[in-house]
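Given next are the chains, with one letter for each unit.
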Amino acid sequence: MAPSTRSPAMHEPDADDDWFSDDGPSEPAAEPANEFDHIARLLRPLTRGDPVALDLMDDAAVLPSRIDHDLVITKDAMVAGVHFLAGEDLDLVAKRLLRTNLSDLAAKAAEPYGYFLAIGWPSGTTIQDRETFARGLAEDGELYDINLLGGDTVTTSGALVVSATFLGWVPAGDAVLRRGARVGDRLMVSGTIGDGWLGLLAHWGEVEDTDGSLVSSYRLPPPRLSIRDALRAYARAAADVSDGLLADAAHVAKASGLRVMVDLDRLPLSPGARNWLSAQPEAGEARMSLASGGDDYEIVCAVDPTDVAAFQAAAMAAGVPVRDIGEFVEGEGICALFKGKDITPERLGWLHG
């Protein structure tokens, strides 16, 4: 993981450029001599001794092949104030970066293998900030058994930007793609829907969150890696719910050349979401908001109707409930139903610029 030779030199933090905290800058600690020292002290331990990473002392990693497996690759980038809360604790930023990428691997029914990291540190970033970020990577690296394999770090005059490229293995031909749904397949979704969006509102003080579960769902979404065997066995197509349930179900339908009908009456909801829903004057619009808010990182998939019970049993055995919430039919697009009425909105979820 060689540092960029084109990036400006890191300067000592000034009182005016503390981006991370509204409370003012922390007392700066002694900085390592250069970026190579940062890598050696903070990032090399994240490889957990994986020989593929070459101790982060090279400009590349050398990956072995795996017989009878396909390599799945996914990449996400996050910008401060856009994809995570401005001023968020940097260990949580690191964990969110890992988990959102792991969610993409989960949707493909892949086993995580390793990741490459790129960071654009704002000028004035302190060593404490970098240590906090590295701690978050280390904790979730242990939790999800995932190793850092390489990457790059630079400094920037703008906001913090973090990006990760994740690799995963899946038995040859068994990756679950967005395309593959068939007419009559049931639309299934894992976990609960709407907690990510409500968690963001709760952070802003707009939604009651007495036990903190909603905010936690937004900050630290659990990737559904445990159901990969169930997905391989029963799912014909799948996606993770990042843009919003309706948007991501529509992605699967479009890739499969079909139309999808979503029954909003059947949305799986957490206690926090049910409490919020009970206080809303218009139940249909409220359920629409939950289904289009995004940041749930659940798995939405297509399953043959004869396999629904078996899929539910396999997923529950892995600790994750899944629910039947709709059907794939001939046509194109999406139809959101509430009490039998079509209330499909124009905006289905998050739109990437």
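What counts and what doesn't
Residues numbered from 1 in each chain as written. Predicted model: local features only at pLDDT ≥ 70, side-chain atom pairs only at ≥ 80, totals over all residues. Heavy atoms only, no water. Core = buried A, V, L, I, M, F, W, Y, C linked by side-chain atoms within 4.5 Å. Buried < 20%, exposed > 50% of the residue type's maximum accessible area, 1.4 Å probe, protein only. Helix = DSSP H or I, 4+ residues; strand = E, 2+ residues; numbered from the N terminus. Arc of directions from axis to C-beta. Contact = heavy atoms within 4.5 Å. Polar contact = N/O pair within 3.5 Å; in protein donor to acceptor, adjacent residues only side chain to side chain. Pairing = 2+ DSSP bridges. Axes fitted to C-alpha atoms, helices over the stretch in contact; angles between N-to-C directions. Salt bridge = Lys/Arg side-chain N within 4 Å of Asp/Glu carboxyl O.

Undergrad: What am I meant to see in the nonpolar core here?
TA: A general trend in soluble globular proteins is that nonpolar side chains are found buried together. Core analysis: the biggest nonpolar cluster contains 46 residues, and Leu117, Phe133, Val162 and Leu231 have the highest contact counts within it. With 9 residues, helix H2 (residues 90-107) is the single largest residue contributor to this core. In terms of nonpolar packing, the next biggest core, distinct from the first, is built from 39 residues, Val189, Met288, Ala291 and Val300 among them.

Undergrad: What should I look at first to understand helix H8 (residues 271-278) in this one?
TA: Every α-helical turn comprises 3.6 residues, leaving residues that sit three or four positions apart pointing alike. All buried positions along H8 are accounted for by Gly272, Ala273, Trp276 and Leu277. One side of H8 holds all its buried residues, which, seen down the axis, span an arc of 135°. Within H8, the exposed residues directed more than 90 degrees away from the buried face are Pro271, Asn275 and Ser278. Its buried side turned inward, H8 meets helix H4 (195-203), helix H5 (213-219) and helix H9 (283-292).

Undergrad: Would you explain the side chain of Glu88 in this entry?
TA: Structurally, Glu88 is set in the loop between strand E1 (69-79) and H2. On the basis of relative accessible area, Glu88 is assigned to the buried category, the value being 9%. At 2.8 Å, the side chain of Glu88 forms a polar contact with the side chain of Arg219. Aside from chain neighbours lying at most four places away, what touches Glu88 is Val93 and Arg219.

Undergrad: Which parts of the structure should I look at to understand the sheet that holds E1?
TA: The strands that make up a sheet pair up through hydrogen bonds in the backbone, lying either parallel or antiparallel. Within the open sheet, the 4 strands sit side by side as E1-E4-E2-E3. Their pairing is mixed. Strand pairing shows two members of the sheet lacking a second neighbour, E1 and strand E3 (147-156), which therefore form its edges. Sheet twist, expressed as the average angle between the axes of neighbouring strands with direction ignored, equals 15°. Set on the sheet, H2 makes contact with E1, strand E2 (111-122) and strand E4 (161-171); between it and E1 the angle comes to about 145°. Docked against the sheet, helix H3 (residues 127-143) engages E2, E3 and E4, running at close to 170° with respect to E2.

Undergrad: How should I be thinking about the pattern of salt bridges in this particular structure?
TA: Using the criterion set out here, one finds 11 salt bridges in the structure. With a closest N to O distance of 3.6 Å, Glu111 and Arg66 form a salt bridge. Taken together, the residues span a long stretch of sequence, with Glu111 in strand E2 and Arg66 in the loop between helix H1 (35-43) and E1 at a distance of 45 residues. Accessibility expressed as a relative area gives 34% for Arg66, which makes it partly exposed.

Undergrad: Hey, could you run me through H9 in this one?
TA: Counting buried residues in H9 gives 7 out of 10 residues, a clear majority hidden from the surface. Residues Gly284, Ala286, Arg287, Met288, Leu290, Ala291 and Ser292 constitute the buried set of H9. Against the buried residues of H9 lie H4, helix H7 (245-256), H8 and strand E10 (333-338). Between the side-chain oxygen of the N-cap and the backbone nitrogen of Gly284 there are 3.2 Å, and the N-cap of H9 in question is Glu282.

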